[in-house]
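# Architecture and fold: a report
Spelled out from the first residue to the last, the chains are:
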Amino acid sequence: VAHRPPGPDTGEQSQTASGTIDVAALADWLRAFAAAVGAHADELTTLDAAIGDGDHGINLNRGMTSVVTTLDDLDPAATAPARLLKSVGMKLVSTVGGASGPLYGTFFLRMASASGDRTVLDAVAFAAALRAGLDGVASRGKSERGDKTMLDALGPACDGLDAALVAGEPLPAALAEAAHAAERGRDRTFPMVARKGRASYLGPRSAGHLDPGAASAALLVRAAAQTLGGTTAPDD
Ligand code: ADP
Ligand code: MG
């Protein structure tokens with residue numbers, strides 16, 4: 001958030017205190033996700049090589065690199081969250097390919113729809129948008145939790161975020177809980193037998209490996225905790 005220009009009112013609440021997410025914050029989140037995908041591309045590809053076709057890290061890295069160029073051309077002052085999220089979703093659909101391109105694309109397109117015409121998202125609106133994205137992936141993928149997919153990280157993340165917000169936790173703490181929930185969900189895919197996607201072709205042999213999509217989805221949620229909380233969230 002270092003490059004966000006200071007607000008006109010010096011007494012303005014910080015992002016952390018107000019708990020709202022503007023377009024610049026969303027762009028920070030997506031840049032952080034792109035950086036994480038770049039840093040973990042080989043690892044994601046290795047996971048996909050074990051139970052798929054070994055392209056997940058390459059595919060997603062290509063897509064997020066392209067998203068970052070879109071962000072570079074963006075004027076945050078002239079863009080609403082829905083428009084940003086929609087352009088990200090369309091970019092991912094057109095650049096990632098495979099199963100995960102349309103699914104991640106749908107995730108962001110549904111987030112865009114859920115954002116409506118808001119100029120900023122408060123914590124509850126952001127959580128609702130994430131859940132709309134989750135539901136979009138499930139309906140587009142005809143998948144559910146337990147199928148050993150990205151839903152197994154995204155689902156617990158949405159539940160964790162909602163529970164923390166209902167308990168009155170501020171956004172940074174709630175996002176940190178969501179990130180931990182996503183990582184636990186990712187780890188719980190290890191023993192699962194895949195029921196969707198390429199990994200399902202392996203049947204019982206898909207057990208004993210982390211799902212690559214759950215691993216990338218955990219990076220997405222961790223990136224949110226690191227950026228949208230408005231403070232440096234612990235990333236243990
Ligand atoms: P492909 O399998 O076409 O090569 P990727 O390797 O990019 O695509 O992505 C694979 C990931 O996509 C899987 O690890 C899984 O998390 C996710 N995935 C695949 N099919 C589905 C589905 N029907 N629903 C949800 N996620 C899915
Ligand atoms: Mg693949």
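Before reading on, note that the structure itself is shown above.
All figures in this text were calculated on a predicted structure; none of them were measured in a lab. (Residues numbered from 1 in each chain as written. Chains lettered and ligands numbered in written order. Predicted model: local features only at pLDDT ≥ 70, side-chain atom pairs only at ≥ 80, totals over all residues. Heavy atoms only, no water.)

## A word on helix α3 (residues 41–51)
When α3 is considered as a whole, its buried residues turn out to be A41, L44, T45, L47, D48 and I51. Viewed end-on, α3 has its buried residues packed into an arc of 160°, placing them on one side of the element. Opposite its buried face, α3 presents the exposed residues D42 and T46, each directed more than 90 degrees away. In the core, the buried residues of α3 are packed alongside α2 (23–39), α4 (56–72) and α10 (212–227). (Buried < 20%, exposed > 50% of the residue type's maximum accessible area, 1.4 Å probe, protein only. Helix = DSSP H or I, 4+ residues; strand = E, 2+ residues; numbered from the N terminus. Arc of directions from axis to C-beta. Contact = heavy atoms within 4.5 Å.)

## Regarding the environment of T106
By the secondary structure assignment, T106 is in helix α6 (residues 100–115). On a C-alpha basis, the gap between T106 and G136 in space is 6.0 Å, while along the polypeptide they are 30 residues apart. Engagement of the side chain of T106 in a polar contact is seen with the backbone oxygen of P102, the distance being 2.7 Å. (Polar contact = N/O pair within 3.5 Å; in protein donor to acceptor, adjacent residues only side chain to side chain.)

## Comments concerning the packing of aromatic side chains
Under the definition given, this model contains four aromatic pairs. Seen in terms of ring centroids, W29 and F126 are 5.5 Å apart; in terms of plane orientation they differ by 80°. Their pairing is edge-to-face. Of this pair, W29 sits in helix α2 while F126 sits in helix α7 (residues 123–141); the two residues are 97 residues apart in sequence, bridging distant segments of the chain. Take W29 and F126: they sit in the same class, and that class is buried. Each ring, one from F107 and one from F108, has its centre 5.2 Å from the other, and the planes form 90°; the classification is edge-to-face. Take F107 and F108: they sit in the same class, and that class is buried. (Phe/Tyr/Trp six-rings, centres within 6.5 Å; stacked < 30°, edge-to-face > 60°.)

## Observations regarding the environment of T70
If you trace the backbone, T70 turns up in helix α4. C-alpha of T70 to C-alpha of S87: the two residues are 17 residues apart in sequence and 8.0 Å apart in space. Those residues within four positions of T70 in sequence are excluded, and the remaining contacts are S87 and K91.

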